[in-house]
Amino acid sequence: MKALKIAIQKSGRLNEKSVALLKNCGLNFENYKSSLITSVNNFPLEILFLRDDDIPEYVQDGIADLGIVGENVIQEKEVDVEYLQKLGFGKCTLKIAIPKGKNYESLQELNGKSIATSNPIILQKFLTENKIDASIRTISGSVEISPGLGLSDAICDIVSTGGTLKSNGLEPFADVLSSQAVLIGKKDIKHDSIVEELLQRIQSVLRASETKYVVLNVERKNLPSILTLLPGVKSPTIIPLAEEGWVAVHTVISEQDFWEKINALKASGAQGIVVMPIEKIIV
Ligand code: ATP
Ligand code: ZN
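The rules behind these values
- Residues numbered from 1 in each chain as written.
- Chains lettered and ligands numbered in written order.
- Predicted model: local features only at pLDDT ≥ 70, side-chain atom pairs only at ≥ 80, totals over all residues.
- Heavy atoms only, no water.
- UniProt positions renumbered as here; feature names shortened; annotations may be inferred.
- Helix = DSSP H or I, 4+ residues; strand = E, 2+ residues; numbered from the N terminus.
- Buried < 20%, exposed > 50% of the residue type's maximum accessible area, 1.4 Å probe, protein only.
- Contact = heavy atoms within 4.5 Å.
- Donors = N, O, S within 2.8 Å, 3.2 Å for Na, K, Ca; no water.
- Tetrahedral: all angles 85-135°; square planar, octahedral: opposite > 155°, others 65-115°.
- Near = heavy atom within 4 Å.
- Polar contact = N/O pair within 3.5 Å; in protein donor to acceptor, adjacent residues only side chain to side chain.
- Areas by Shrake-Rupley, 256 points an atom, 1.4 Å probe, with all protein chains shown as cover.
- 1 Å grid on protein atoms, 1.4 Å probe; cavity = no way out; pocket = protein on both sides within 12 Å on 5 of 7 lines; lining within 4 Å.
- Sits in = over half its atoms within 2 Å of the grid points.
- Nonpolar A, V, L, I, M, F, W, Y, C, P; charged D, E, K, R; others polar.
- Pairing = 2+ DSSP bridges.
- Axes fitted to C-alpha atoms, helices over the stretch in contact; angles between N-to-C directions.
- Core = buried A, V, L, I, M, F, W, Y, C linked by side-chain atoms within 4.5 Å.

(A) Layout of the UniProt feature "domain: ATP phosphoribosyltransferase catalytic" (unreviewed entry) in the protein chain. Feature annotation in UniProt assigns "domain: ATP phosphoribosyltransferase catalytic" (unreviewed entry) to the following positions: residues 51–203. Here residues 51–203 runs as 25% helix and 31% strand, with 25 Å between its end C-alpha atoms.

Structure follows, in structure tokens:
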């Protein structure tokens, strides 16, 4: 069987999580050291390690069949590829930021201003959609120092915590694009059986990562109220305890749901609550 190629970032913010995701899918391979390409030894796949900026075009042109890259990079490159799966990591927002204290009241105040960015395509699209006529200054890095140097009135850059903006005397003004890492494929690749299998594995890992296995003990008389709080994959498993009148409830629940329900579970008599990670969920 001919191996497919997947391109991932060779180093940087998406590298570690991309590698971890593929390994959690049961793929066995050597990590990037100096080689550009490595083979998975238990699945028909080769991994290409690239700069993230090159990944969209490699996938569009079919040099790689699949790729893992930020949505921001895909949009900036304006490529024609298929989005196969959002991956839930590498989350960030492309924002317009202005010098602290400017207090612009509406987007319209950007009219006639200059905005520095390394994402001119995304920014232009945003400005056009909002009918704003501003000039874009394209620079390749350290965008956030540009207003301080008098190079621009505002910036448009990726923000995750806002710390870099703050230390450069800037504050967020408008959100332009929210992004996360996604799995992309070249046109029509999603019907390939290897891609289907990989996608299934990825989805089972993603489902598992947001879900927990919960075990708790409860007196049988309190069971009905506990059960109304726990939907479970199908329905919870109930196991009698050695102590007369008590049962253990085993169930699978989303982590978010669990934190929302923990107090209600306790109030309904749940004791000895144990929460465990799940490796994979096949549905
Ligand atoms: P490369 O050397 O591969 O070109 P890079 O320096 O362009 O790397 P990174 O900084 O590693 O890129 O970021 C890769 C991606 O991670 C971004 O395109 C974006 O989708 C995502 N990301 C998540 N949080 C942040 C952040 N705080 N700053 C920048 N990118 C972020
Ligand atoms: Zn890059």
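Now that the structure has been shown, the text picks up again.
(B) Structural detail: the environment of Leu206. Considering the arrangement of structural elements, one finds Leu206 in helix α6 (residues 193–209). When its relative accessible area of 16% is taken as the criterion, Leu206 is described as buried. If we skip the residues at most four places from it in the chain, Leu206 touches Leu21, Gln85, Lys86 and Leu87.

(C) Geometry of the coordination of the zinc ion (ligand 2). Around the zinc ion (ligand 2), the donor atoms from the protein are Asp52 (OD) and Asp53 (OD), and they sit 1.9 to 2.1 Å away. Classification of the site at the zinc ion (ligand 2) as irregular follows from its four donor atoms and the range of 74 to 176° in their angles at the metal. With relative accessibility at 27%, the residue Asp53 sits in the partly exposed group.

(D) Molecular detail of the site of ligand 1. The local shell around ligand 1 holds 16 residues, among which Arg13, Arg51, Asp53, Asn72 and Ser160 are the closest. In this structure, an oxygen atom belonging to ligand 1 sits 2.8 Å away from a side-chain N or O atom of Asp52. Separating an oxygen atom of ligand 1 from a side-chain N or O atom of Asp53 is a distance of 2.7 Å. In the complex, the protein chains occlude 76% of the 630 Å² of accessible area that ligand 1 would expose alone. Here ligand 1 occupies the largest pocket. Partitioning the shell around ligand 1 into residue classes produces four nonpolar, seven polar and five charged.

(E) Here's a closer look at the sheet that holds strand β7 (residues 114–117). Strand order in the open sheet formed by five strands is β8-β7-β9-β6-β10, and the pairing between neighbours is mixed. Each edge of the sheet is formed by a strand with only one pairing partner; in this case those strands are β8 (135–138) and β10 (170–179). Neighbour to neighbour, the strand axes of the sheet diverge by 30° on average, direction disregarded. The pairing of strand β6 (residues 92–99) with β10 spans eight bridges and is classified as antiparallel. The residue of β10 that forms the bridge with Ile98 is Glu171. Contacting β6, β7, β8, β9 (154–159) and β10, helix α4 (residues 120–129) runs over the sheet at an angle of about 170° to β8.

(F) Quick peek at the nonpolar core. Ile6, Leu27, Ile68, Leu87 and Leu183 are the most contacted members of the largest nonpolar core, which totals 30 residues. Of all the elements in the fold, those that place two or more residues in this core are β1 (4–9), α1 (15–24), β3 (45–50), β4 (66–70), β11 (181–185) and α6. At seven residues, α6 tops the list of elements feeding residues into this core. If we ignore the near neighbours within four places in the chain, the residues touching Leu87 are Leu21, Ile68, Gln180, Ala181, Val182, Leu183, Ile202 and Leu206. Leu123, Leu127, Ala154 and Val176 belong to the second largest nonpolar core, which has 17 residues in total.

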